[in-house]
Amino acid sequence: MRSGRQYLVFTAILCILMLMKFQFTGQSFAQTAEFRGANLRTEDWNPVIAAEANQTYLTVRIDGREYSNLDDGIYMDDERRLMIPSAMIRDAFTCSARIYDKEQLVIEKKDDILEFGLDKNYYIKNKQKQNWGGVTAKKEEQNGMVYVPLEILAQEFGYSWMWDMEKNTLTARNQSPEPENILPYQYDLRQKGRAASVKDQGAFGTCWAFASLTALESALLPETQLQLSVDHMDMNNSFAATAADGGQYTMAMAYLAAWQGPVKEEDDPYGDGKTDASLSAVMHVQDMEIIEAKNLNEIKKAVFQYGGVESCIYTTMQEGGMQSPYYNKETNAYCYLGEEKPNHDVVIIGWDDSFPRESFQTEAAQDGAFICQNSWGDDFGEDGVFYVSYYDTNIGIHNLVFTGVESSSNYDTLYQSDLCGWVGQLGYKKESVYAANVFTARAQEDIAAAGFYTTDKDTSYEVYFVSDFQDTESLNSRMPVAQGKFENAGYHTVKFDQSIRVEGNRKFAVVLYLSTPNAVRPMAIEYAADELTRNVVLDDGEGYISAQGRAWAGVEESSNCNLCIKAYARSVRDRTSVR
């Protein structure tokens, strides 16, 4: 009996070694037929091979983006299919992917809608049942995420794929010769259960906070339904402003990036003149993107993939019941074609390319409108929603979307010195810059990620780490921990290739290299620029800047500013250091 088991194991190992000499192309693992003459049955050796793949560093590259079993939770199941979580699908395949009622995954791309029910051997495509050889979607108890086979998505969306057993990597590429238009001509988050509830700001100048939090609530739907506190955002940010002063989306970005919020509306109700500064953020906003001005297709794409997009208009109205020469009450249509700057924030929740230009009071150039949610209550417009022409002067100029929202337990410590966030920019009149922020570890911790702003499109970055900072010479012994490129401006969190352990009360540094095309000052900084930022303090930071990454100058003394670089840490507890 023992010799039989030994033979079984020996045969399994032999199969693995033989398979590692090959890579698979086209449909997943089609070449396995060559080995079926072995005594080991497929149902026996498939789990063995899958276990071997999962125990090492398993990666998937989709159109150049890399995902792994360590960072993204992908794995190979016992049928040797690559399983990917729903949270990864949206970015990997440039589509919309949402979970409804905790058990139905709905994926949309252009005019196609794929629906997956848990533990079923079929899925629905455009209301037609598609049979499948195995389970098409399942929920893993270990992490609570819903998974689908990559093969189905590659097949449906026209991707080729190749499995390299030796490198433990699957590579998939879109076969469309031109960039694919993933967007329908009309889309409305209300119809998808992804629009937040309509709210009323009343007489206060808080449209900026309402728009930001409404867009954030939309980004969480339908999986998570929350109503977030405008009072807390308005009264607990680091800017010198009151509810009557108004604000802007960059203030919301700073408040959220600093983990000052958000908190629940029920814990800090709106309009009572009181707040609770002791409340902790109920989630951590890790990524926020600023969509290029008047790039209508990218704005639509952001709505489609992520949810509501905060934008702004110019209006002479201050509440829903007022008249305006730019607003047609009969059609709920708005279009301003003048030169005034924006003074009111709204949330784009959809679009209609065929919305007739005749519906506007002013003469729009062509058909088409964004569907926008206001903060003037549901008596305004179409139950709080109205249509703003694509050709309105201001809509689509300033656009913020929330692309990365995580549990408040994702990291234990946030190191920062830029509570007001991106106020200005610093540089050497060229596209690139080196910058470093130094922090003192509060305890023994694993530094796992860095956060920073990119100030324009297509910014390349490199992140380095110094685990024992003594002086500026230490910065020249920096160790690379991450690199990449961001398509849009905004705030980003970048995970290190591996976490790095630091000792308590020891200084460490996060070093950042940025290269932004056509920029002259690519580094985001915080400083006392105006009345709103007059309370900025500089003695909470230690930052350095360099043109070439060799000679460093302290920014607090030379430029009266703080650098917008943050570090994220996890408590060690009983974990073993990964480095």
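Residues numbered from 1 in each chain as written. Predicted model: local features only at pLDDT ≥ 70, side-chain atom pairs only at ≥ 80, totals over all residues. Heavy atoms only, no water.

1. Quick word on the state of the cysteines
Put plainly, two cysteines are in a disulfide when a covalent bond ties their sulfur atoms together. Evaluated as defined, the whole model comprises zero disulfides. Of all cysteine sulfurs in the structure, the one in Cys561 sits closest to Cys564, which takes part in no disulfide; the separation is 8.5 Å. By relative accessible area, Cys564 is classed as buried at 0%. (Disulfide = S-S within 2.5 Å. Buried < 20%, exposed > 50% of the residue type's maximum accessible area, 1.4 Å probe, protein only.)

2. A short note on the sheet that holds strand β9 (residues 122-125)
With antiparallel pairing, five strands are arranged side by side in an open sheet as β6-β7-β8-β9-β10. Taken across any chain shown, the strands that pair with only one partner, and hence form the sheet edges, are β6 (96-100) and β10 (128-131). The mean angle between the axes of side-by-side strands here comes to 25 degrees, regardless of whether they run parallel or antiparallel. Here β9 runs beside β10; their pairing, made up of four bridges, is antiparallel. Its bridge partner being in β10, Tyr123 is matched across the sheet by Gln130. (Pairing = 2+ DSSP bridges. Helix = DSSP H or I, 4+ residues; strand = E, 2+ residues; numbered from the N terminus. Axes fitted to C-alpha atoms, helices over the stretch in contact; angles between N-to-C directions.)

3. Section: the pairing of strand β13 (residues 159-164)
Here six bridges tie β13 to strand β14 (residues 169-174), and the two strands are oriented antiparallel to one another. By the bridge assignment, Asp164 is partnered in β14 with Thr169. In sequence, β13 turns back onto β14 through a hairpin of four residues, with Asn168 there showing a positive phi of about 55 degrees.

4. Structural notes on the sheet that holds strand β31 (residues 507-515)
Pairing is antiparallel in the open sheet, where six strands are placed in the order β29-β28-β31-β26-β33-β34. Edge strands, defined here as strands with exactly one partner in the open sheet, are β29 (479-486) and β34 (553-554). The sheet contact formed by strand β26 (residues 432-440) and β31 spans nine bridges and is antiparallel. In the sheet register, Ala436 faces β31, and the bridge partner there is Val511.

5. Observations regarding the pattern of salt bridges
Scanning all chains against the criterion turns up 17 salt bridges. A salt bridge links Glu382 to Arg190, with the nearest nitrogen and oxygen atoms 3.0 Å apart. One end of the pair, Glu382, is in the loop between β21 (369-373) and β22 (385-389); the other, Arg190, is in the loop between β15 (186-188) and α5 (207-220), and 192 residues separate them in sequence. One salt bridge in this structure joins Arg501 and Asp446, with 2.9 Å as the shortest N-O distance. With Arg501 in strand β30 (residues 489-502) and Asp446 in strand β27 (residues 445-454), the pair connects residues that are 55 residues apart, well separated along the chain. Of the two residues, Arg501 and Asp446, neither departs from the other in class, the shared state being buried. Residues joined by salt bridges that share partners form a network here, namely Asp77, Glu79 and Arg81. (Salt bridge = Lys/Arg side-chain N within 4 Å of Asp/Glu carboxyl O.)

6. Regarding unusual backbone geometry
Cis geometry marks the peptide bond from Leu221 to Pro222; its omega dihedral reads 0 degrees. Within the element layout of this structure, Pro222 appears in the loop between α5 and α6 (230-235). Note the cis peptide between Gly261 and Pro262, where omega equals 10 degrees. Counting through the fold element by element, Pro262 comes out in the loop between α7 (249-257) and β16 (283-290).

7. Description of α7
The buried fraction of α7 amounts to eight of the nine residues, a majority that puts the element mostly inside the structure. Along α7, the residues classified as buried are Tyr249, Met251, Ala252, Met253, Ala254, Tyr255, Leu256 and Ala257. Among the residues trailing α7, Trp259 stands out with phi positive, at a value near 60 degrees.

8. Brief notes about the side chain of Glu526
Its location among the elements puts Glu526 in strand β32 (residues 523-526). For Glu526, which is buried and forms no salt bridge, the nearest opposite charge comes from Lys566, at a distance of 7.9 Å. A polar contact is formed between the side chain of Glu526 and the backbone nitrogen of Cys420, at a distance of 2.8 Å. One polar contact links Glu526 to Asn562, side chain to side chain, over a distance of 2.8 Å. Once residues lying within four places of it in the same chain are set aside, the contact partners of Glu526 are Ser417, Asp418, Leu419, Cys420, Gly421, Val423, Val536, Val537, Cys561, Asn562 and Cys564. (Lys, Arg positive; Asp, Glu negative; His and termini not counted. Polar contact = N/O pair within 3.5 Å; in protein donor to acceptor, adjacent residues only side chain to side chain. Contact = heavy atoms within 4.5 Å.)

9. Some thoughts on the nonpolar core
With 79 residues, the main nonpolar core has Met288, Phe386, Phe402 and Tyr453 as its most contacted residues. Setting aside residues no more than four positions away along its own chain, Met288 makes contact with Met253, Leu256, Ala257, Leu400, Val401, Phe402, Thr403, Ala489, Gly490 and Tyr491. Within the second largest apolar cluster, 38 residues are counted, among which are Met88, Tyr123, Val148 and Met165. (Core = buried A, V, L, I, M, F, W, Y, C linked by side-chain atoms within 4.5 Å.)

10. Details of the side chain of Asn168
With respect to the helices, strands and loops of the structure, Asn168 is situated in the loop between β13 and β14. Once residues within four sequence positions are removed from consideration, Asn168 is found in contact with Ala53, Thr56, Tyr57, Leu58, Thr59 and Trp163.

11. Some details on the environment of Lys301
Along the chain, Lys301 turns up in helix α8 (residues 296-306). When its relative accessible area of 21% is taken as the criterion, Lys301 is described as partly exposed. When the C-alpha atoms of Lys301 and Pro222 are compared, they prove to be 18 Å apart, with 79 residues separating the residues in sequence.

12. Examining helix α4 (residues 150-157)
Among the eight residues that make up α4, seven are buried, leaving the element largely enclosed by the rest of the structure. Among the residues of α4, Leu150, Glu151, Ile152, Leu153, Ala154, Glu156 and Phe157 are the ones counted as buried. The first or second residue beyond α4 is Gly158, which carries a positive phi of 75 degrees.

13. Topic: the packing of aromatic side chains
Under the counting rule described, the total for this entry stands at 35 aromatic pairs. Here the aromatic rings of Tyr327 and Phe386 are separated by 6.4 Å at their centres, their planes lie at 80 degrees, and the arrangement is edge-to-face. Of this pair, Tyr327 sits in strand β18 (residues 327-328) while Phe386 sits in strand β22; the two residues are 59 residues apart in sequence, bridging distant segments of the chain. Given the relative accessible area of 4%, Tyr327 is considered buried. Here Phe386 falls in the buried class, since its relative accessible area comes to 1%. Taking 6.3 Å as the distance between ring centres and 80 degrees as the angle between the ring planes, the aromatic pair formed by Tyr334 and Phe386 counts as edge-to-face. One end of the pair, Tyr334, is in strand β19 (residues 333-334); the other, Phe386, is in strand β22, with 52 residues separating them in the sequence. Judged by relative accessible area, which is 0%, Tyr334 ranks as buried. An aromatic cluster of at least three residues, connected via ring pairs, comprises Tyr314, Tyr326, Tyr327, Tyr334, Tyr336, Trp376, Phe380 and Phe386. If you follow Lys109 out to its NZ or CZ, it ends over the ring of Phe157, 5.0 Å from the centre. (Phe/Tyr/Trp six-rings, centres within 6.5 Å; stacked < 30°, edge-to-face > 60°. Lys NZ or Arg CZ within 6 Å of the ring centre and 35° of its normal.)

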